[in-house]
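# Topology and contacts: notes
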Amino acid sequence: MENFLIMMVINSVALIVVAALFKGIVIKNWFSLILSALFMGIVNAFIKPFILILTLPVNILTLGLLTLFINGLLLYFVSKIVKGFDIKSYWDAFFGALIFSIVSIILNWMII
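Model, not experiment: these values are computed from the prediction. (Residues numbered from 1 in each chain as written. Predicted model: local features only at pLDDT ≥ 70, side-chain atom pairs only at ≥ 80, totals over all residues. Heavy atoms only, no water.)

Time to look at the side chain of S36. Tracing the chain through its elements places S36 in helix α2 (residues 30-54). Exposure remark for S36: the relative accessible area of 0% places this residue in the buried category. For S36, the side chain forms a polar contact with the main-chain oxygen of S32, separated by 2.6 Å. Discounting residues that sit within four places of it in the chain, S36 has contacts with L15, V78, V82 and F85. (Helix = DSSP H or I, 4+ residues; strand = E, 2+ residues; numbered from the N terminus. Buried < 20%, exposed > 50% of the residue type's maximum accessible area, 1.4 Å probe, protein only. Polar contact = N/O pair within 3.5 Å; in protein donor to acceptor, adjacent residues only side chain to side chain. Contact = heavy atoms within 4.5 Å.)

Moving on: the nonpolar core. Core analysis: the biggest nonpolar cluster contains 23 residues, and L15, I25, L75, V78, F85, I87 and F100 have the highest contact counts within it. Those elements giving two or more residues to this core turn out to be α1 (2-21), α2, α4 (65-81), β2 (85-87) and α5 (90-111). (Core = buried A, V, L, I, M, F, W, Y, C linked by side-chain atoms within 4.5 Å.)

What follows covers unusual backbone geometry. With phi around 60 degrees, L63 is a residue other than glycine that occupies positive phi space. Locating L63 in the fold gives a position in the loop between α3 (56-61) and α4. L63 gets classed as exposed once you look at its relative accessible area, which sits at 77%.

Okay, here's the thing in structure tokens:
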């Protein structure tokens, strides 16, 4: 349970950083932020592994670059589910997912 709360905080901070850096990504309130972080954790834990397995041959051919597009697609997907978390275009989601991943990795490295 403690690791789950830590991951929620890390995801929330990463989403705050992404929303601050990109004008096309808007988080309207704290509830939307927490709900978005929760959904990002669920999507990354359960849906992303299946998509990566299904796209493994193409991912190998692209030397892993397809993973960046998958991350952007999943972030865009979460924005369509959560009210108050809006992403204007796929490219905002793509670059937002890139920054989200970098911030999450750095915070995980510092905290855990």
